[in-house]
Amino acid sequence: MAPTRGTGASGGRGRRALGSGVLAGVVLGLLCVTPASADEVRDEQYWLESTGIAEAWKETRGEGVTVAVIDSGVADGPAAFRDAVAGGHDASGVGEPDGRAPVGPRPGSDHGSWVASLLAARGTGEDGEDGVIGVAPEATLLSVSIGFADSASPVDFGDQIVDAVRWSVDHGADVINLSLTTNTKSWPSSWDDAFQYAADHDVVVIAAAGNRGAGTDVVGAPATIPGVLSVAGVDREGTASRDSSSQGITIGVAAPSEELLGVSPDGSVARWEGTSGAAPIVAGVAALVRSAHPELDAANVINRITATARPGPEQEEGTQSPLYGFGIVDADRAVTASVEPVGENPMGSLEDWVATYRPAQGEDDGEGAGADAVPETVPPLEPEPEAGAGSGPGADAVIYGIVPVVALGGTATLVVLGAIGATRHFRRVSEEE
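Everything numeric here is computed off the predicted structure, so don't read it as measured data. (Residues numbered from 1 in each chain as written. Predicted model: local features only at pLDDT ≥ 70, side-chain atom pairs only at ≥ 80, totals over all residues. Heavy atoms only, no water.)

A word on the packing of aromatic side chains. The tally for this structure, following the rule as stated, stands at six aromatic pairs. Judged by centre distance (5.2 Å) and plane angle (80°), the ring pair of Tyr46 and Trp47 falls under edge-to-face. Here the two residues Tyr46 and Trp47 agree in accessibility, since each one is buried. Seen in terms of ring centroids, Trp353 and Tyr357 are 5.5 Å apart; in terms of plane orientation they differ by 45°. Their pairing is tilted. Taken as a pair, Trp353 and Tyr357 lie in helix 10 (residues 350-361) at a separation of four residues, close to a single helical turn. A relative accessible area of 8% places Trp353 in the buried class. Each residue in the set Trp187, Trp353 and Tyr357 is aromatic and connected to the rest through ring pairs, giving one cluster. A cation over a ring is seen here: Arg61 above Trp57, with NZ or CZ 4.8 Å from the ring centre. A cation over an aromatic ring shows up here: Arg166 above the ring of Tyr197, its NZ or CZ 4.3 Å from the ring centre. (Phe/Tyr/Trp six-rings, centres within 6.5 Å; stacked < 30°, edge-to-face > 60°. Buried < 20%, exposed > 50% of the residue type's maximum accessible area, 1.4 Å probe, protein only. Helix = DSSP H or I, 4+ residues; strand = E, 2+ residues; numbered from the N terminus. Lys NZ or Arg CZ within 6 Å of the ring centre and 35° of its normal.)

With parallel pairing, seven strands are arranged side by side in an open sheet as 5-8-4-9-11-12-13. Lying at the two open borders of the sheet, with one neighbouring strand each, are strand 5 (85-90) and strand 13 (251-256). Neighbour-to-neighbour, the strand axes of the sheet open up by a mean angle of 25°, direction not taken into account. As paired strands, strand 9 (residues 175-178) and strand 11 (residues 204-208) are joined by four bridges and run parallel to one another. Each residue of the ladder has a partner; that of Ile176, found in strand 11, is Val205. (Pairing = 2+ DSSP bridges. Axes fitted to C-alpha atoms, helices over the stretch in contact; angles between N-to-C directions.)

A separate point is the environment of Ala307. Looking at where Ala307 falls in the secondary structure, it is placed in helix 8 (residues 298-307). Of the residues examined, Ala307 reaches a relative accessible area of 41% and is grouped as partly exposed. Considered as a pair, Ala307 and Gly327 are 20 residues apart in the sequence and their alpha carbons are 8.6 Å apart.

Following Arg106, the chain continues to Pro107 via a peptide bond in cis, the omega torsion being 5°. Turning to its location among the elements, Pro107 is positioned in the loop between strand 5 and helix 4 (111-120). The step from Ala221 to Pro222 runs through a cis peptide bond, and the omega angle for that step is 10°. With respect to the helices, strands and loops of the structure, Pro222 is situated in the loop between strand 11 and strand 12 (229-234). One non-glycine residue with positive phi stands out, namely Asp83, at about 60°. One can find Asp83 in the loop between strand 4 (66-71) and strand 5.

Below is the structure:
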């Protein structure tokens, strides 16, 4: 899978085809404004209260749990990450062996640090009382760097994911966070073994559902893989985000995806949006649950999160919505509520799916998809995005799950950069050649 860079006007989305694959990119807007004080940064983290995280901290802050962040790399240097990262690995072929060197050009290379800070940032100042703090500030992180568009990675993207997932499992991950998505419901058959490997080793895998504003109208893999807890996005009021989320019947839960803050590699704070941020919030909640209930297996950790989620607007409790999954995550309830144990993962069984559907697909080149076996998703959320807003990556493109970023620092300036990537067409490449 060979990524390329997309370009376009401010707020637009770039796209081009190369060879037999459909390749695409996302354009990010970067707006510099007056820096926020440390107190303002902490005050702006509204999700700590709205999703019950602050209450859950009375029981646990994630100690004893290891979370792998498979992304562009968690930077080594910012005070918010002090003692947070225990190890790492580079799957891209262009990063540093420890996975700490951000891979790719900015702002895409900042992405892994933003994700990690939402998950487990330690805060700044004395006793970490200022700055960005993560959902599970006492959890341990593994930084696994992968390459997207413009990263010059010589490694096929699908192979990077296989390497990254297996390495994370082998090095003690209890939870894996994947803040990335694709514009196809299908996935390479090589991912079957990797994600089953995680399931067999009792690892909770969490993935972003993707964003309409970045061209992902419906949930794409890996958030469509059975057993994976897929995360949609909501705004500050708890309503499904129009641009910073997508939708589909494989969504497990929703979490805030707008007006988020993240720590950049240089230590500055960035304002950003997307299910790339919602996913680590839920991964942090998974770390809180695993810390408070070490006896639970991965299926029951996921069940606690889905069973205790609060219904979204106009959603009946106990039902699964294509916008909210089982509801909006509630960390306090997930940690403290009485929940009946289950014998199966509420997000399904990959092993059963493979046994049922892969044989019917026949032989492939290792990148077969099985899209026909994945349930159809519902029509796009109304109202439709404004003209031009959805002109981003087409079907079958791998992209970051992020939309415009606002940095907190400097003077007001708008910078549009081509960003993060795409990959070779997963399923029909052999038909097009």
